[in-house]
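Examining the three-dimensional arrangement
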Amino acid sequence: MIKLQQDADGFIRMNRHFPESVIVTVTFADGTTEELSGRRLNRAYDDALAAYRARNHLDAKGFSRSPKKKTGSGNKIDFVPVHPGMGD
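Overview of the structure.

Calculation criteria
- Residues numbered from 1 in each chain as written.
- Predicted model: local features only at pLDDT ≥ 70, side-chain atom pairs only at ≥ 80, totals over all residues.
- Heavy atoms only, no water.
- Helix = DSSP H or I, 4+ residues; strand = E, 2+ residues; numbered from the N terminus.
- Buried < 20%, exposed > 50% of the residue type's maximum accessible area, 1.4 Å probe, protein only.
- Contact = heavy atoms within 4.5 Å.
- Core = buried A, V, L, I, M, F, W, Y, C linked by side-chain atoms within 4.5 Å.

Section: the environment of Ile-2
Note on placement: Ile-2 falls in strand 1 (residues 2-5). When its relative accessible area of 26% is taken as the criterion, Ile-2 is described as partly exposed. Spatially, the C-alpha atom of Ile-2 lies 7.9 Å from that of Val-22, the residues being 20 residues apart in sequence. Sequence-distant contacts of Ile-2, that is, excluding residues within four places in its chain, are made with Phe-18, Val-22, Ile-23, Val-24 and Thr-25.

Printed below as a string of structure tokens:
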């Protein structure tokens, strides 16, 4: 079992997908805890990654198609927003 703690800004640190069958216990900033499946957190990760790419004008693979200087790959995020009651 994996245990994660929500920070004061409402995020958990998650820089990769978890196995879909794993159960993750998230302790929220208000002190409540909730068990979420890896599948649910992976969906939250994918949503956060898509929002990051859209905000930074990146394509679906994380690349910028405009001729600019080289920046980060765009294929990775470290923090995912979570909230109580987001279980399956």
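Regarding the nonpolar core
In terms of nonpolar packing, the biggest core is built from 18 residues, with Ile-12 and Leu-41 touching the most fellow members. Broken down by secondary-structure element, the contributors of at least two residues to this core are strand 3 (23-27) and helix 1 (38-55). For this core, the element with the highest residue contribution is helix 1, accounting for five residues. Those residues within four positions of Ile-12 in sequence are excluded, and the remaining contacts are Leu-4, Gln-5, Gln-6, Val-26, Leu-41, Asp-78, Phe-79, Val-80 and Val-82.

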